[in-house]
Amino acid sequence: MALQMLLRCGVEALSPRLHSVLPQSEKWLVGQASTVVILVAMEENLMTSLPVTENIRLGVLEDVVLYMERESNLENKRVLLQCFGKVLTGLMLTRRDVTSDGFFHIKEYFKIPLASLTEVLRAVDISTVRQILQYFNRNKDALKLSEAYVSTMVSVLFQTQLSKDPSLFPELAPLLGLASPTDIQAFPRLQDNLNVKTTINDNLVHLSLEKRWAFGRWYRQAFGPGNITAGGLMVVRDTGNLITCLPFVLFQLLSPAQILDGLDVLLRNPLTLLQQQFVAQSVFGTFRNLTAMQFHRLGNLSCLAEPQNLLLYKDSEAFSGIQDKIRSCAIHGVSLPSNMISSLFLNTSDLKSPGSLSSARLSQLADFLPWLGIDFLQKLNQSQLNLSLPALSAVTFSSAEAAVIVDKLSSNTLFAQGGLQQLGSLVKGVKVETLWSLSSKTLLSSLPAMALPNLTLSPSQANAVASKLWGSVNVTAWLDQVEPLLSSTPLLSLLSWARPLMTNTSSTNTRPWNTQQAQALFQEVMNIKSNLSPQAFLALGTIGPGASCKVLKKLFFSQPSSSSLRSLLVFLREQPVPLHTSLTKCVIEELYKLDLFSNLLGELGAQLALAMTVSTIKKFPSDMMNSLRKMIVQEPRHFLLLPRTKQELLVDKMVQTLEMYTGQYTQEEFQSLGVMATSVVDEMFVQLDRKFLMDSVELLRTLCYSSSKRDLMALILQEPDIFGPVQNWTTAVLNQVDRFIFFLPPDKLKLLPPALLTQGRIERLFQNQRRWEGEEMGALCMAGRDQEEKVALFGREQFLLQYFLGFLTMGRLTAPTLVPSCENLKSTAPSAWSIGSLTGMSNDAFTSCLELIGQDPFLTPYELTVLLKKTNQVYGAVASFPPSVVSRLGRLALQLTVEELGTLRLSELSSVAALGAISTWSTRQLPALFSALLNSTKLSPSQLDSSTLVAIGHIICGISSVEIRTLNAVQFSKAVMWLGHLRLACSEEQLASLVGLLSHDQAFGLISSWGPQVFIEIGVLAAGIPDMSMSALVKEQIEGFSPLAVSLIPPQKFTVVFNQAQINMFSYEQAMAVTPEQRALLSDVQQTALSMVLTPWENRPLDFRDRSSGLTLSPSPLCHLLGLLMLLLWLV
């Protein structure tokens, strides 16, 4: 107390002098000087041995609390916490006044500016860290910290504080889920600390796959090959869950005995497919006396075993359990080798007499009926199918197979209320004609069956149901039930209900309307209330994306505050359906005019952000570019939808701005780019860190590669430090390479060891490639490839199969020694086999796979001709083909003569739809097909309903212009949303006639009155708009043009109807669709306008006011005061 009084007296003595030199804002701080002096002294260890009394302690705490309450400058608080945090925590922990707030200064750490957080937390002592963690875990929801703040905090605590005191780890454990992979890999070397290892093992189950891999890479720093080979039988159990996180190059060193001993540890973790494959091959390939209990523990790993290893147990009690596991895999869509299905389930004598199978046996076989084919299904009877329906309704059949089953079922099953509901996935086999005959009530009760996740109704079926329901009298009452088919509702059907629907927006503002539907409903909103406030706009929900650019602009500028604009952007970003190009373009153009644009970038989301041109993005500083990077990584889909050229330009600018061109392409850089990682320039990609590549082959296989990257990857895989020459590859290597094998050129493929490429192995390689193509990443990647690239990739697949199955000798086809079954074709692809082997198939096998063969896109015209002859041998002349055969012909029908096409029986829409889906008919074949349709149905063109017109598809171009004018305008307008998405080969005159139907007063009316919603609905048919009408189109109408419609406008017409001002209204996607032929006829002025869209001339620098460009150093008031107090301490 005496010391405290002495110090305060010193301050009081100096006060008159201090007050004469200090600014007004700092004078009040002098009163706290003694407190700061004591803190400084204690921090400098000058008073650590003195018995500081309770009164001094409480006095200091009271003064600091008062200071914290009164001080509004966060920088001053930062200095205090950074300099004296340890002392304050010590005082707080030893005080006796437990009734007051024990976290009074800990709270302040969560108010530190983000830019200073790392520096402050690094200087914090361990006691304070524990208090920070305690407070955070108690109050994290109330604190509402930003993602960046939490990320920085976690990073410092794990990378800096943990290395100071490993005993901190249990308290940090709740934050493991918030640690980034980079943080995890930077953990200090605590692998031998049992408590740390136990804590990690206990928490791994809650972490993402990426973070688990990061822990594996961290653990391998102290756990190498020697630890596994010398670790003994119990190494898996001793290591715990971390063993499953190790890179595969280490995981594959586990012996079969170690795996079997640690099976419980392995199976309680989410093993990757590669790990599962390794475990299955190790266990089933080594042990021959596994028990039924062990098979039960192994679970679905049995599905990855070689069939011959499972057949060893055929006469054991374990076999029925094996069959159950394989059946479960089939139900859940796991790809299985063809010989596994046939050997375990289909090689039984009772299948030779399908009609004699009991309903129980048929139910047992249900999941494998698609493998048995249509001929087998046709031999089943109604009684069998009715009793087995519960099992059959859950199986995924093709449309043709489902149609066979449905045709045999009792009519009572179909026509009763809720009857279709019993069909489950078999609904796809119901005839369109049957759907039209059902009442609206029956259809409504069956909608849940039509909304199954794996069920896709054909366009004709969807049109029939939607048209029937929207034609009833009480649409608004059953909007909830019809929601699954909203996207299939024709715009014309919706327009007549727009006013009733918008009378009560609460029933419509949560529905997943497509763009044109939302635009139509929004227009109705504006008709009711022309002036919308931002709050009223947000209340529109899913109708909001139908707003025009004019309305959005008004909303942006009515309240141009940061918070208001953020609300609008979040609203648009969270819509359940993609935003139209015109909307994204409008948002970017209008926001770009605002000074707030740079501050709003993080709220755009990937879809809106990627609507910006590369010339705009290239001007971003590093912080904005990093924000864009994060958005794309979080929402990769929108990046994959970009043209490849834009992808590569954008990524090139991004890596330059983020300074990634620094030699080796590191793991951190690769992972930070996410989906963009493979779009860097070739010179950067080839520098990819080889250690990371070896550890992450399974991750790399999931990504999308251009042709040049595939060639580079093929070379990298053959490097000595990776997998070496292909002739030395082993089963373990092939497991890792997997679908990358198709990146190898033929001259390298043929060097692979023949013993590795068995038929079963080849089938698995094909299946894994198809599975990747079916996933979102693969599907979008393949959609971005041109036909030439797809053919080149398929050529390597075909070469691999034909070379290693003996069809090729010295690059030439030889007489087939192997004839595929239908199961083999389903596991690979018909066109991958030689034509001789296909024609050598048994009639039953060939007809079972006729639909699959007809849908193969890679069969050549010659092969199609040969296969059509095979079809004739089985079914006879074309005129005798039943509708069920016609619906399965697919591309084989392209080889039919005009005369043969005229004899086809097209009385069922399933047959018509199958032929209408083909886009490569000749101009002579199309009229023959349409004539066959009329002859088979005995209908005139004017009698064709919307579902029939949808089924006609490309055959619409086989209708003469005269006959087109006789079509029912209303029915055609209800079919146009499907027809408009096809690349139709109609003549200019035919397109003009079709547009004439759309402009009928009972359809969409005069072209001049069409809004963008009509142009979006009619798609390619907009190319048929007459010259005068097209030249008069305004901006909103042009925005509705699809890129495909732009490309189909005849070149001479294009140059006449679009002046430079209209071309300048094009979106980037529309401009990209302009063909070389169209561009060649443009005038210089038109060319310039087009170039301005493709490469915007605007080069206005962004306004980065109010954004930090670095640290500005200037003395703060607290800095002055602390300096003065240090002088005072010296004087004392």
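As the structure is a computational prediction, the values presented were derived from the model and not from experiment.

1. Observations regarding the overall build of the chain
Of the regular secondary structure elements, the chain holds 79 helices and two strands. The 1132 residues of the chain split such that 54% are buried. In the chain, of all internal contacts separated by at least 6 residues, the share reaching a separation of at least 24 is 71%. Summed over its atoms, the accessible surface of the chain is roughly 47800 Å², and 54% of this surface lies on carbon and sulfur atoms.

2. Remarks on the environment of S707
Along the chain, S707 falls in helix α51 (residues 707-717). Distance in space between the C-alpha atoms of S707 and L793 is 9.0 Å, their sequence separation being 86 residues. In contact with S707, other than residues within four places in its own chain, are R644 and E789.

3. Thoughts on the nonpolar core
W470 and I956 are the most contacted members of the largest nonpolar core, which has 344 residues in total. When residues in this core are grouped by element, the largest group, eight residues, is from helix α9 (residues 147-164). Dropping the residues within four chain positions of it, W470 is found in contact with V475, W478, L479, V482, L486, T489, S493, L494, W497, L501 and W513.

4. Quick notes on unusual backbone geometry
For K144, which is not glycine, the phi dihedral falls at a positive 50°. If you trace the backbone, K144 turns up in the loop between α8 (126-143) and α9. K144 sits in the exposed class, given a relative accessible area of 72%. The backbone phi angle of D738 is positive, close to 45°, even though this residue is not glycine. Inspection of the secondary structure puts D738 in the loop between α52 (731-737) and α53 (746-749). Of the residues examined, D738 reaches a relative accessible area of 8% and is grouped as buried.

5. Quick notes on the side chain of K870
With respect to the helices, strands and loops of the structure, K870 is situated in helix α61 (residues 861-875). The buried charged residue K870 lacks any salt bridge partner; its closest oppositely charged side chain belongs to D844, at an N-O distance of 10 Å. For K870, the residues in contact, after removing those within four places along its chain, are T839, M841, N843 and F846.

6. Brief notes about the state of the cysteines
One pass over the structure, following the stated rule, counts five disulfides. One disulfide bridge connects C957 with C986, the sulfur atoms lying 1.9 Å from each other. Handedness here is read from the sign of the S-S torsion; for C957 and C986, about -85°, the answer is left-handed. Residue C957 is found in the loop between α66 (946-952) and α67 (961-964), and its partner C986 is found in the loop between α68 (969-979) and α69 (988-998); the two are separated by 29 residues along the sequence. Each member of the pair, C957 as well as C986, is classed as buried.

7. Brief notes about the pattern of salt bridges
Inspection of every chain in the model, using the stated rule, returns 25 salt bridges. Note that K593 is salt-bridged to E590, the shortest N-O span being 3.4 Å. As a salt-bridge pair, D695 and K691 come within 3.7 Å of each other at their nearest N and O atoms. Pair noted here: D695 and K691 are both in helix α49 (residues 690-695), with a separation of four residues, about one helical turn.

8. Quick look at the packing of helix α32 (residues 459-470) against α68
Helix-helix packing is described using two parameters, namely the angle between the two axes and the distance between the axes. Close contact between α32 and α68 brings their axes to 11 Å; oriented N to C, the two are set at 140°. Taken together, the axis directions place α32 and α68 in an arrangement best described as oblique. When the axes of α32 and α68 are compared, the crossing they make is right-handed. Taking contact as the criterion, the partners of P459, A462, N463 and S467 in α32 are, on α68, K974, A975 and W978. Within the contact of α32 with α68, the residues separate by chemical class into four nonpolar, two polar and one charged.

9. Observations concerning the packing of helix α38 (residues 549-558) against helix α40 (residues 581-591)
Packing of α38 against α40 leaves a shortest axis separation of 10 Å and a crossing angle of 35°. The handedness of the crossing between α38 and α40 is right-handed. Contact residues: α38 offers C549, L552, K553, F556 and F557, while α40 offers L583, C586, V587, E590 and L591. A class-by-class count of the residues in the contact of α38 with α40 yields eight nonpolar, no polar and two charged.

10. Here we look at the packing of aromatic side chains
In this structure the tally under the stated criterion is 36 aromatic pairs. Ring geometry for F248 against F278: centres 5.8 Å apart, planes inclined by 90°, an arrangement best described as edge-to-face. On the criterion of sequence distance, the pair formed by F248 in helix α16 (residues 248-251) and F278 in helix α19 (residues 273-286) is long-range, its members being 30 residues apart. Put simply, the rings of F158, F169, F187, F215, W218, Y219 and F223 pair up and form one aromatic cluster. Here the guanidinium or amino end of R739 rests over the ring plane of W772, the centre of that ring lying 3.6 Å away. The ring centre of F846 lies 5.7 Å from the NZ or CZ of K870, which sits over that ring.

11. Re helix α64 (residues 909-916)
Along α64, six of the eight residues are buried, which leaves the element largely enclosed by surrounding structure. Buried-residue contacts for α64 involve α30 (432-437), α62 (883-889), α65 (925-937) and α66.

12. Some remarks on helix α44 (residues 622-634)
The terminal C-alpha atoms of α44, which comprises 13 residues, lie 18 Å apart, in line with the 18 Å expected from a rise of 1.5 Å per residue. For α44, the full list of buried residues reads M624, M625, L628, R629, M631 and I632. Considered in projection along α44, the buried side chains sweep an arc of 165° and stay on one side of the axis. Those residues of α44 that are buried are in contact with α41 (597-600), α42 (605-609), α43 (614-617), α45 (636-640), α46 (644-657) and α47 (667-673).

13. Examining the confidence of the model for the chain
Here the chain averages 85 in pLDDT, and 85% of its residues register 70 or above. Across residues 25-52 the pLDDT falls below 50, and counting only partners more than four positions away or on other chains, this stretch makes 58 contacts in the model. Ignoring residues within four places in sequence, the model shows residues 94-100, a span with pLDDT below 50, making nine contacts including any to other chains.

14. Overview of the side chain of H954
With respect to the secondary-structure elements, H954 resides in the loop between α66 and α67. Its relative accessible area of 9% is what places H954 among the buried residues. Those residues in contact with H954 that sit more than four places away from it in its chain are G916, A917, I918, S919, L926, L982, R983 and L984.

15. Regarding the environment of V577
Structurally, V577 can be placed in the loop between α39 (562-573) and α40. For the pair V577 and T515, spaced 62 residues apart in sequence, the C-alpha separation works out to 8.1 Å.

Reading the values: rules and limits
Residue indices follow the written sequence of each chain, beginning from 1 at its first position. Since the coordinates come from a predicted model, pLDDT governs what is reported: local features require at least 70, and pairs of side-chain atoms require 80 or more to be given and counted, while whole-chain, interface and lining totals use all residues. Only hydrogens and water are set aside when side-chain values are computed; all heavy atoms of the structure are taken into account. A run of H or I in DSSP counts as a helix once it spans at least four residues, and a run of E counts as a strand once it spans at least two, with each numbered from the N terminus. Using a 1.4 Å probe on the protein chains alone, a residue whose accessible area is under 20% of its type maximum counts as buried, one over 50% counts as exposed, and one in between counts as partly exposed. Any pair of residues with heavy atoms lying within 4.5 Å of one another is described as a contacting pair. Areas reported here follow the Shrake-Rupley algorithm with a probe of radius 1.4 Å; residue values treat only the protein chains shown as occluding. What makes a nonpolar core is a set of buried Ala, Val, Leu, Ile, Met, Phe, Trp, Tyr and Cys residues whose side-chain atoms join them at distances within 4.5 Å. His is not counted, nor are the chain ends; Lys and Arg add positive charge and Asp and Glu add negative charge. Salt bridge, as used here, is a side-chain nitrogen of Lys or Arg placed within 4 Å of a carboxyl oxygen of Asp or Glu. Any two cysteine sulfur atoms lying within 2.5 Å of each other are counted as a disulfide. Axis geometry follows a simple rule: fit a line to the C-alpha atoms, using only the stretch in contact for helices, then measure angles between N-to-C directions, giving values from 0 to 180 degrees. The cut-offs work like this: below 35 degrees is roughly parallel, past 145 is roughly antiparallel, 65 to 115 is roughly perpendicular, and the gaps in between are oblique. Working rule for handedness: look at the near helix, and if it is turned counterclockwise from the far one by less than a right angle, call the crossing left-handed; if clockwise, right-handed. Put simply, Ala, Val, Leu, Ile, Met, Phe, Trp, Tyr, Cys and Pro go in the nonpolar bin, Asp, Glu, Lys and Arg in the charged bin, and everything else, Gly too, in the polar bin. The pairing test for Phe, Tyr and Trp rings, Trp by its six-membered ring, is centres within 6.5 Å, and the orientation test on the planes gives stacked under 30 degrees, edge-to-face over 60, and tilted for anything in between. Counted as over-ring charges are cases with an Arg CZ or a Lys NZ within 6 Å of the ring centre that also lie within 35 degrees of the ring normal. In a helix, the anticipated span is given by 1.5 Å times the number of residues less one. This arc corresponds to the set of directions leading from the helix axis out to the C-beta atoms. Confidence of the predictor at the level of single residues is captured by pLDDT, which takes values from 0 to 100.

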